[in-house]
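As a plain string of letters, each chain reads:
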Amino acid sequence: MIPPIANDFVAGETPAAALVHVDDLNGRGVSGILNLLGEHYSVRADADAMAYVGLVETIARRGVDACVSVKPSQIGLNVGADVFRENLARIVAAADAVGTFVWIDMEDHETTDVTLDAFERHAVATDGNVGVCVQANLKRTREDLDRLADLPGKVRLVKGAYDEPASIAYTEKSRVNESYRDCLAIMFEAFDDGVAVGSHDPAMIEFASELYAERGTPYEVQMLTGVRETAQFDLAAGDEVDVYQYIPYGSKWASYFYRRIRERKSNVLFALRAIVGN
Ligand code: FAD
């Protein structure tokens, strides 16, 4: 069972629990992006597509406003690129058949090419029923945006969650922020299918709103479960932008929860207060 202090960041252990969370969000005008926790599987039997195949079908059957987001290493990239491609193809085919959208998360820089190649194939084949994440901390991303601009499908811009070498990535926070702004400006100019702003940063969300006022490109904001939820509901109450909450769920909640706790001092204090019952 997930302890109460982790409940803020994870929507339960089962798809049923995650869908209850989605129902609640939908009632407040926020759409869901469901992510089954678990990554870096090195055994083929663990890197299975079936959980997501079942999930995309359940989303469609229940008629909730939700899509899914899949990590390449969760569906076989560490076993082999062919296993990843095969599993992704099964998930995308099942999702496309019932009209559920599929996001592909981006992992460390060694996976960027294989992930973008897979996205391109499915974006074209499904006429845009898939999306991919790109990372502003990678120096290559501006060039990747040139390639992605002409494809159907959506692109989510994030700052980047992986420690990357300085030879290929911006490592200073201020430089990553500058790159995020540059990439957003490119996307609002060149991406007709819309821009997904994957950030909790009020400055980036404000900048996206300014770009929208200038160019009118449709955009959406995506944030994580348990992070700035009041801001998510406030944004969703306006009529400028669609808001999506990325919702992790599943039995592998512990390492995800500790990552969230470690990344911010305020989260550590929150966890300590919960533990001492104050
Ligand atoms: P930061 O730069 O961490 O913080 C900037 C400001 O945002 C802070 O000063 C504060 O004002 C506000 N803020 C941030 N966090 C909090 C908080 N917990 N509580 C209150 N205020 C806060 N990374 C990848 O590498 N690959 C992916 O596929 C990927 N997918 C993602 C999907 C979504 C929907 C999101 C939101 C993030 C994803 N990430 C992914 C993670 C991303 O790369 C960043 O590591 C993460 O979002 C932190 O950067 P930030 O832009 O949110 O803000």
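Below or above, wherever it landed, is the structure these notes cover. These numbers were taken from a predicted model, which means no experiment stands behind them. (Residues numbered from 1 in each chain as written. Predicted model: local features only at pLDDT ≥ 70, side-chain atom pairs only at ≥ 80, totals over all residues. Heavy atoms only, no water.)

1. Describing the site of the ligand
What counts is decided by this rule: Residues are counted as near a molecule or strand when any one of their heavy atoms sits within 4 Å of it. For the purposes of these results, a polar contact is taken to be a pair of N or O atoms within 3.5 Å, where, inside protein, one atom must be able to donate a hydrogen and its partner to accept one; residues adjacent in sequence count only when each atom of the pair is a side-chain atom. All accessibility values rest on the Shrake-Rupley procedure with a 1.4 Å probe; residue burial counts only the protein chains present in the view.
Neighbouring residues of the ligand: 23 residues in total, closest Met106, Lys159, Gly160, Ser199 and His200. Lysine 159 is positioned with one of its side-chain polar atoms (N or O) 2.7 Å from an oxygen atom of the ligand. Contact distances for the ligand include 2.8 Å between an oxygen atom and a backbone N or O atom of glycine 160. Relative to its unbound accessible surface of 940 Å², the ligand loses 79% to contact with the protein.

2. Here's the deal with helix H5 (residues 141-149)
Our working definition: Buried means the residue's accessible area, taken with a 1.4 Å probe over protein chains only, is under 20% of the maximum for its type, while exposed means over 50%, and partly exposed covers the values in between. We count a stretch as a helix when DSSP gives it H or I for four or more residues in a row; a strand needs E for two or more, and each element gets its number in order from the N terminus. Here the arc refers to the directions that run from the helix axis out to each C-beta atom. For this analysis, residues touch if any pair of their heavy atoms sits within 4.5 Å.
Listing the buried residues of H5 in full gives Thr141, Asp144, Leu145 and Leu148. Buried residues in H5, looked at end-on, bunch into an arc of 105°, giving them a common side. Opposite the buried face of H5, by more than 90 degrees, sit the exposed residues Glu143 and Asp146. Here the buried face of H5 lies against helix H4 (112-125), strand E4 (130-135), strand E5 (154-158) and helix H6 (173-190).

3. Side note on the packing of H6 against helix H7 (residues 202-215)
Keep this limit in mind: Between N-to-C directions, angles span 0 to 180 degrees; the directions come from axes that are lines fitted to C-alpha atoms, helices contributing only their stretch in contact. With respect to orientation, any angle under 35 degrees is reported as roughly parallel, any angle over 145 as roughly antiparallel, any angle of 65 to 115 as roughly perpendicular, and every other angle as oblique. Left-handed is the label given to a crossing in which the near helix is rotated counterclockwise from the far helix by less than a right angle, and right-handed is the label when the rotation is clockwise.
Where H6 meets H7, the axes come as close as 10 Å, and the angle between the chain directions of the two elements is 25°. Classed by the angle they form, the pair H6 and H7 counts as roughly parallel. For the crossing formed where H6 meets H7, the hand is right-handed. Contact residues: Asn177, Tyr180, Arg181, Leu184, Ala185, Phe188 and Glu189 in H6; Ala203, Met204, Phe207, Ala208, Leu211, Tyr212 and Arg215 in H7.

4. Focus: the pattern of salt bridges
To keep things clear, this is the line we draw: A side-chain nitrogen of Lys or Arg and a carboxyl oxygen of Asp or Glu constitute a salt bridge if their distance falls within 4 Å.
Inspection of the entire model under this criterion finds 14 salt bridges. A salt bridge links aspartate 182 to arginine 142; the shortest N-O distance between them is 3.5 Å. On the criterion of sequence distance, the pair formed by aspartate 182 in helix H6 and arginine 142 in helix H5 is long-range, its members being 40 residues apart. With relative accessibility at 30%, the residue arginine 142 sits in the partly exposed group. Three or more residues are tied together by salt bridges with common partners; here these are Lys71, Asp105 and Arg156.

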